[in-house]
Amino acid sequence: MVVCPKKNGKPRRTVDFQALNAHAIRETHHTQSPFHQARSVPQNKKKSVFDAWNGYHSVPIRDEDKHRTTFITPWGRYRYRTAPQGYIASGDGYTRRFDEIVSDVPNKTKCVDDALLCSEEPDYSVEDATLQSAASAISSLEPITWNKVKIATTSDVSMAKLVDLIETGMPESRLELPTALREFHQFREHLHTVDGVVLYKDRIVIPPALREDALTALHSAHQGISSMMSRAEASIFWPGLTLAVTTLRTNCAHCNQMAPSQPSAPPTPLVYPSYPFQCLCADFFHYKGVNYLVLVDRYSNWPIVERTAGGAPGLINCLRRTFVTFGIPDELSSDGGPEFTASATREFLHTWSVHHRLSSVAFPHSNCRAEIGVKTVKRMITDNTGPQGELDTDAFQGAMLQYSGGGPIN
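Just so it is clear, the model here is predicted, and its values are computed rather than measured. (Residues numbered from 1 in each chain as written. Predicted model: local features only at pLDDT ≥ 70, side-chain atom pairs only at ≥ 80, totals over all residues. Heavy atoms only, no water.)

**Q** Run through the pairing of strand E13 (residues 290–297), naming residues and quoting values.
**A** Judged by how many residues are buried, E13 sits mostly within the fold: seven of eight residues are covered. Here eight bridges tie strand E12 (residues 279–287) to E13, and the two strands are oriented antiparallel to one another. The residue of E13 that forms the bridge with tyrosine 287 is valine 290. Remark: two residues form the turn of the hairpin made by E12 and E13, two consecutive strands paired antiparallel; lysine 288 in that turn has positive phi of roughly 55°. As defined by bridge partners, E13 adjoins strand E14 (residues 303–307) across five bridges and the pair is classed as antiparallel. Within the sheet, the bridge partner assigned to tyrosine 292 lies in E14 and is arginine 307. Between E13 and E14, which pair antiparallel and follow one another directly, the connecting turn spans five residues, one of which, asparagine 301, has a positive phi of 65°. (Buried < 20%, exposed > 50% of the residue type's maximum accessible area, 1.4 Å probe, protein only. Helix = DSSP H or I, 4+ residues; strand = E, 2+ residues; numbered from the N terminus. Pairing = 2+ DSSP bridges.)

**Q** Go over the nonpolar core, please, and point to the residues and values.
**A** Within the largest apolar cluster, 20 residues are counted, with the highest numbers of intra-cluster contacts made by Val149, Ile206, Ile236, Trp238, Leu241 and Val245. Of all the secondary-structure elements, those providing two or more residues to this core are helix H5 (146–155), strand E9 (197–200), helix H7 (211–218), helix H8 (225–232) and helix H9 (241–250). Once residues lying within four places of it in the same chain are set aside, the contact partners of leucine 241 are Arg203, Leu215, Met229, Ala232 and Ile236. With 16 residues, the next largest nonpolar core counts Phe277, Phe323, Phe348 and Leu349 among its residues. (Core = buried A, V, L, I, M, F, W, Y, C linked by side-chain atoms within 4.5 Å. Contact = heavy atoms within 4.5 Å.)

**Q** Quick one: what's the story with H8, residue by residue and with numbers?
**A** Every buried residue of H8 is accounted for by Met228, Met229 and Ala232. Mapping the buried residues of H8 onto a view down its axis gives an arc of 95°, with all of them on the same face. Looking at the buried positions of H8, the neighbouring elements they touch are strand E10 (203–205), H7, strand E11 (236–237) and H9. (Arc of directions from axis to C-beta.)

**Q** Before we move on, can you summarise the sheet that holds E13 with the specific residues and values?
**A** Strands sit in the order E14-E13-E12-E15-E16 across an open sheet of five strands; the sheet is mixed. Strands with a single pairing partner mark the edges of an open sheet, and in this sheet they are E14 and strand E16 (355–358). Each strand of the sheet is rotated relative to its neighbour by a mean of 25°, with strand direction disregarded. Pairing of E12 with strand E15 (residues 331–334) involves three bridges; the strand directions are parallel. Bridge pairing links cysteine 281 to serine 333 in E15. Against the sheet, helix H14 (residues 368–381) makes contact with E12, E13 and E14, and its axis sits at roughly 45° relative to E12, the strand it touches most. (Axes fitted to C-alpha atoms, helices over the stretch in contact; angles between N-to-C directions.)

**Q** If you had to explain the pattern of salt bridges to someone new, which residues and values would you point to?
**A** Applying the stated criterion across every chain yields a total of eight salt bridges. A salt bridge links glutamate 64 to arginine 62; its shortest N-O distance comes to 3.7 Å. Salt bridges linked by common partners bring Arg62, Glu64, Asp65 and Arg68 together as one network. (Salt bridge = Lys/Arg side-chain N within 4 Å of Asp/Glu carboxyl O.)

**Q** Any chance you could break down the state of the cysteines for me, citing the residues and the numbers?
**A** Going through the model one piece at a time under the given rule, you end up with zero disulfides. Here cysteine 252 is not cross-linked by a disulfide; its sulfur's nearest cysteine counterpart is in cysteine 255, at 3.4 Å. The buried category is assigned to cysteine 252, whose relative accessible area is 10%. Judged by relative accessible area, cysteine 255 falls into the buried class, the value being 5%. (Disulfide = S-S within 2.5 Å.)

**Q** Account for a nonpolar patch on the surface, naming residues and giving values.
**A** Judged by side-chain polarity, Met1, Val3, Trp75 and Tyr78 come together as a nonpolar surface patch covering roughly 470 Å² of accessible area. Tracing the sequence through the fold places valine 3 in strand E1 (residues 2–5). Valine 3 sits in the exposed class, given a relative accessible area of 52%. (Patch = residues over 30% accessible without salt bridge, like charges linked within 9 Å, V, L, I, M, F, W, Y side chains within 5 Å. Areas by Shrake-Rupley, 256 points an atom, 1.4 Å probe, with all protein chains shown as cover.)

**Q** Could you give an account of the layout of surface pockets, naming the residues involved and the relevant values?
**A** Approximately 610 Å³ is the volume found for the largest pocket. Forming the boundary of the largest pocket are 20 residues, of which Lys6, Arg12, Asn54, His57 and Gln85 lie nearest the centre. Classifying every residue of the lining of the largest pocket gives eight nonpolar, six polar and six charged. (1 Å grid on protein atoms, 1.4 Å probe; cavity = no way out; pocket = protein on both sides within 12 Å on 5 of 7 lines; lining within 4 Å. Points joined across faces, edges and corners; volume = space filled by probe spheres on them. Nonpolar A, V, L, I, M, F, W, Y, C, P; charged D, E, K, R; others polar.)

**Q** Describe the packing of aromatic side chains, naming the residues involved and giving the relevant values.
**A** The full count for this structure, using the stated rule, is twelve aromatic pairs. Taken together, a centroid distance of 5.7 Å and an interplanar angle of 55° make the contact between phenylalanine 323 and tryptophan 352 tilted. One end of the pair, phenylalanine 323, is in helix H11 (residues 312–326); the other, tryptophan 352, is in the loop between helix H13 (343–351) and E16, and 29 residues separate them in sequence. Of the residues examined, phenylalanine 323 reaches a relative accessible area of 2% and is grouped as buried. Cluster of aromatic residues (ring-pair linked, three or more members): Phe17, Phe71, Tyr78 and Tyr80. (Phe/Tyr/Trp six-rings, centres within 6.5 Å; stacked < 30°, edge-to-face > 60°.)

**Q** Tell me about the environment of isoleucine 151, residues and numbers included.
**A** For isoleucine 151, the location among the structural elements is in helix H5. Between the C-alpha atoms of isoleucine 151 and glycine 196, which are 45 residues apart in sequence, the distance is 9.0 Å.

Interpretation in functional terms is not warranted from these geometric data alone.
This is the structure we're talking about:
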């Protein structure tokens, strides 16, 4: 048992029933999805919302099955006497019983333990509340006012016709509407009028004459599409609003010039080695005037370090000695340094059938294993190399043995 806080701060008891669910048969009870239930709620009706208290715990468990819900606490073992949350059959079992109890209740919709009842009488305060809410929302768009929208709606023949259709009843077929109004057909269930202005839900439908002004107001702060749509969805509407906002933002030269860079693409999945020295990472570093090459086995993290000189030919000589000693790898990972991208290096790797994976430009983390190997080797060679940077010293070899767990040289 684990106790975690609820939103109101009270404790919630949670028990993991995954093992029990794996051997239990779920009781199925089909219901409408919450989305379809919400769409079925009529508009302009008084509504009451109910939430059952300890809903699942009102469903008893048979005595012979109670021991299956046993759980451990610091104070001993306990078991449920009623249906617990987290058990695979609790949800549908409770919903079926609840549905049977309220089957004769009219004007309702319910989802598990939440229920909504609608009055058959209209709520006459809805229109006043909607008018106040819509007028307040549109006030943020300075060029647009309620009176301007009302005048533009009345002056537009198509919008005036839309008002009449909404008040008298929209036709069931889209083809029965005038051509200019057919785009409103799919929204007909949520269209209504207040004081001669068309509203979609609680958003004002902007007449064609004011749509350019509305777009200008939305884009006045030169925000992105998401920010403009978030503001629009709280106040205004017309069919094709999203496309209009997207086109406006795409064609804005100032926004395109100041737009932030796109985030990096997700990294390409690596090939994980299954045996030592199947995949190697390589990188150069400079220490006290000497260039060194570090090779790291991605399977064991074992570092190999060699002095190098002469650019690509020196790199090829180091790689050849490593391949002969430890075997030819399937893949070599490196950055895009000139030694690694030289034609001689590419030809050498192709001849030895080694796939060369280059890290991304200006993104050293993609060659992270080699970068970590460089840091490790830099610590090991500190004060352990010869006067000319030689690595064949007892001090450096002792450091390598210490790194591998072999102990220091006595």
